[in-house]
Amino acid sequence: MNISLENLDKVSALLTIKMEKADYAGKVDAALKDFRKKANMPGFRPGQVPMSLLKKRFGKEVLAEEVNKLLGEKLYGYIRENNINILGEPLPNEERQQNIDFDTMEEFEFVFDIALAPEFKVELTADDTLDYYTINVDEDMLDKQVKMYTQRAGNYEKVEAYEEKDMVKGLLAELDENGNTKEGGIQVEHAVMLPDYMKNDEEKQKFAGCKVNDVLVINPYKAYEGHDVELSSLLKIKKEEAAEMKSDFSYQIEEITRFKEAELNQDLFDQVLGKDVVTSEADFRAKIKELLENQFVADSNYKLMQDVRKYLVEKVGELEYPEALLKRVMKLNNRDKDDKFIEENYPKSIEELTWHLIKEQLVKTYGIKVEQADVLETAKNVTKIQFAQYGMMNVPEDMLNNYAQEMLKKKEQVDGLVSRCIEDKLGVAISQVVTLNKKSVSLDEFNKMFA
């Protein structure tokens, strides 16, 4: 077997594999013998089918399979052994690749187009300066976070008199033009309303100071300015009927409930952080601030890697790529797309490819390795952040582990976690090499950087 590589330019080459009968004959014979042991044909005992018959019936199929198997082994073996840094997969050359006829040919020549990765060197030193943004957890943010916990742990309690933001429940009954209950009119039992959300101030004011068992006269159409969704939901009618429902209604109040935030006491501290982690409001606020700062570290590191990417892509400059060949690869990977799609998306794919190649070099330079334990830990951290968004800071370790293990069952999620691990480790390695210009910014200022 003869394998040769012909460089056409810096980023493309032809790889030719010439295969003779001696290269594959033994493998074909061995495959036929193995097939004979399992062959079951009418008129012959299992394993006793004549080899000549097998060759006649299945020889071409076995030959093609073994040649293609050997071709793959030699092709990728050569690329691996010679450290050829290729982009995508080798593609059959459209001009020099001969048609293969397994019926008549004993010698085969395979010619592949190879896209070569551009050669470049990326380095970072203390002379490279990058901004590192730390999100400042100020008192306003801390107050909002604490309030979120007190609201989340709060509850509704029954009261006698209405105040703003209270919820009321009662009997709604449609009235006639004389102010009497309309015979056959709409009645809704246990109708719930939040007067504070009414759009008409005059109707909203009717609830001021009202008490349980009071009877009010309200006009739902005016209260909600004729909005069909609110009216149909309140009156239990079809949306198309809401436009004509302009009657007054009596509303006998059966119940008034008020939301009461939880108190900042030990019960709340234990619920949010775990039993006796803190024992005072000051310590609670300090711990919440620490947790917020820790959560924002991931955001700061993400921003750093975004800036590293931009900085290094600019530093490396424009790289040469085999455009025609890479567009062929894109076309093969997007068979359902037209040429316009390829042309429009090619620049973005090159941008992603450039960063991928830079990242590959950095991973090698800094000896970045990702172990199974790293992926599991990252999955747990992702889960922690997800729970934290719902105010759950004190999640048991076994629950975190169970959620993480579920994530690891899905290949797509595992790939994402591995990529995240690599970038996290790269971020740490890079921050120890370059000079970081640390800046403290507000959350709003930080978010505007991504707008």
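One structure accompanies this document, and this report is about it. (Residues numbered from 1 in each chain as written. Predicted model: local features only at pLDDT ≥ 70, side-chain atom pairs only at ≥ 80, totals over all residues. Heavy atoms only, no water.)

### Looking at the overall build of the chain
Working step 1: A count of helices and strands for the chain gives 15 helices and eleven strands.
Working step 2: Relative to its length of 451 residues, the chain is extended, with a C-alpha radius of gyration of 36 Å against a globular reference of 22 Å.
Working step 3: With the principal axes as the frame, the chain shows a C-alpha extent of 105 × 70 × 45 Å.
Working step 4: Every one of the 451 residues in the chain was classed for burial, and the buried ones make up 37%.
Working step 5: If you take every contact in the chain between residues at least 6 apart in sequence, the share linking residues at least 24 apart comes to 70%.
Working step 6: Total accessible area on the chain stands at roughly 27800 Å², and carbon and sulfur atoms take up 46% of it. (Helix = DSSP H or I, 4+ residues; strand = E, 2+ residues; numbered from the N terminus. Rg over C-alpha atoms; globule rule 2.2 N^0.38 Å. Buried < 20%, exposed > 50% of the residue type's maximum accessible area, 1.4 Å probe, protein only. Contact = heavy atoms within 4.5 Å. Areas by Shrake-Rupley, 256 points an atom, 1.4 Å probe, with all protein chains shown as cover.)

### Things to note about the packing of aromatic side chains
Working step 1: Under the definition given, this model contains eleven aromatic pairs.
Working step 2: For the pair Tyr24 and Phe108, a centre-to-centre distance of 5.7 Å together with 45° between the ring planes defines the contact as tilted. Taken together, the positions of Tyr24 in helix α1 (residues 21-38) and Phe108 in strand β4 (residues 108-115) put the pair 84 residues apart, joining distant regions of the chain.
Working step 3: Note on Phe108: relative accessible area 2%, which makes it buried.
Working step 4: Geometry around Tyr346 places Lys327 over its ring, the cationic atom sitting 5.1 Å from the centre.
Working step 5: Directly above the ring of Phe341 sits Lys337, whose terminal nitrogen or CZ lies 5.2 Å from the centroid. (Phe/Tyr/Trp six-rings, centres within 6.5 Å; stacked < 30°, edge-to-face > 60°. Lys NZ or Arg CZ within 6 Å of the ring centre and 35° of its normal.)

### As for the pattern of salt bridges
Working step 1: Applying the stated criterion to the full structure yields 36 salt bridges.
Working step 2: Among the ionic pairs, Arg258 bridges to Asp166, the shortest N-O distance being 2.8 Å. Note that Arg258 is positioned in strand β10 (residues 249-260) and Asp166 in the loop between β6 (155-159) and β7 (167-174), a separation of 92 residues in sequence.
Working step 3: Assessed through its relative accessible area of 1%, Asp166 is described here as buried.
Working step 4: Across the pair Arg309 and Glu351 runs a salt bridge, and its minimum N-O distance is 3.7 Å. Residue Arg309 is found in helix α9 (residues 281-316), and its partner Glu351 is found in helix α11 (residues 339-365); the two are separated by 42 residues along the sequence.
Working step 5: The buried category is assigned to Arg309, whose relative accessible area is 17%.
Working step 6: Several salt bridges share partner residues, and in doing so they unite Arg309, Lys348, Glu351 and Glu352 into one network. (Salt bridge = Lys/Arg side-chain N within 4 Å of Asp/Glu carboxyl O.)

### Notes on the nonpolar core
Working step 1: Residues Leu87, Leu312, Tyr321, Leu326 and Ile358 are the most contacted members of the largest nonpolar core, which totals 34 residues.
Working step 2: No other element matches the nine residues that α11 contributes to this core.
Working step 3: Those residues in contact with Leu326 that lie beyond four places of it in its chain are Leu87, Ala115, Tyr321, Tyr346, Ile350 and Leu353. (Core = buried A, V, L, I, M, F, W, Y, C linked by side-chain atoms within 4.5 Å.)

### Some details on unusual backbone geometry
Working step 1: Even without being a glycine, Asn83 presents a positive backbone phi close to 50°.
Working step 2: Its identity as a non-glycine residue notwithstanding, Asn213 has a phi of 85°, on the positive side.
Working step 3: Inspection of the secondary structure assignment puts Asn213 in the loop between α4 (201-205) and β9 (215-218).
Working step 4: Take Asn213: its relative accessible area is 56%, and that puts it in the exposed class.

### Here's the deal with the side chain of Ser247
Working step 1: Here Ser247 is to be found in the loop between α7 (239-242) and β10.
Working step 2: Side-chain polar atoms of Ser247 contact the side chain of Glu174, separated by 2.9 Å.
Working step 3: With residues up to four places along the chain from it excluded, the contact list for Ser247 reads Glu174, Leu175, Ile218, Asn219 and Pro220. (Polar contact = N/O pair within 3.5 Å; in protein donor to acceptor, adjacent residues only side chain to side chain.)

### Some thoughts on the pairing of β9
Working step 1: Burial along β9 is one-sided: the residues Leu216 and Ile218 are buried and none of Val215 and Val217 is.
Working step 2: Pairing analysis gives four bridges linking β9 to β10, with the strands arranged antiparallel. By the bridge assignment, Val215 is partnered in β10 with Gln252. (Pairing = 2+ DSSP bridges.)

### Some points on the sheet that holds strand β1 (residues 2-9)
Working step 1: With antiparallel pairing, four strands are arranged side by side in an open sheet as β1-β2-β4-β3. Each edge of the open sheet carries a strand with a single partner, namely β1 and β3 (91-92).
Working step 2: Here β3 pairs with β4 via two bridges, running antiparallel. Looking across to β4, one finds that Leu91 is bridged to Asp113.

### Re the packing of helix α10 (residues 323-333) against α11
Working step 1: Between α10 and α11, whose axes approach to 10 Å, the crossing angle comes to 110°. Between α10 and α11, the angle is such that the two are roughly perpendicular. The way α10 lies across α11 gives a crossing that is right-handed. Of the residues in α11, those in contact with Glu323, Leu326, Lys327, Met330 and Lys331 of α10 are Asp339, Ile342, Glu343, Asn345, Tyr346, Ser349, Ile350 and Leu353.
Working step 2: Looking at side-chain class alone, the contact of α10 with α11 contains six nonpolar, two polar and five charged residues. (Axes fitted to C-alpha atoms, helices over the stretch in contact; angles between N-to-C directions. Parallel < 35°, antiparallel > 145°, perpendicular 65-115°, else oblique. Left-handed = near helix turned anticlockwise from the far one by under 90°. Nonpolar A, V, L, I, M, F, W, Y, C, P; charged D, E, K, R; others polar.)

### Topic: helix α8 (residues 266-273)
Working step 1: Looking only at α8, the buried set comprises Leu268, Phe269, Asp270, Val272 and Leu273.
Working step 2: Elements that come into contact with the buried residues of α8 comprise α3 (139-152) and α9.
Working step 3: Once α8 finishes, Gly274 follows within two positions and takes phi at roughly 110°, a positive value.

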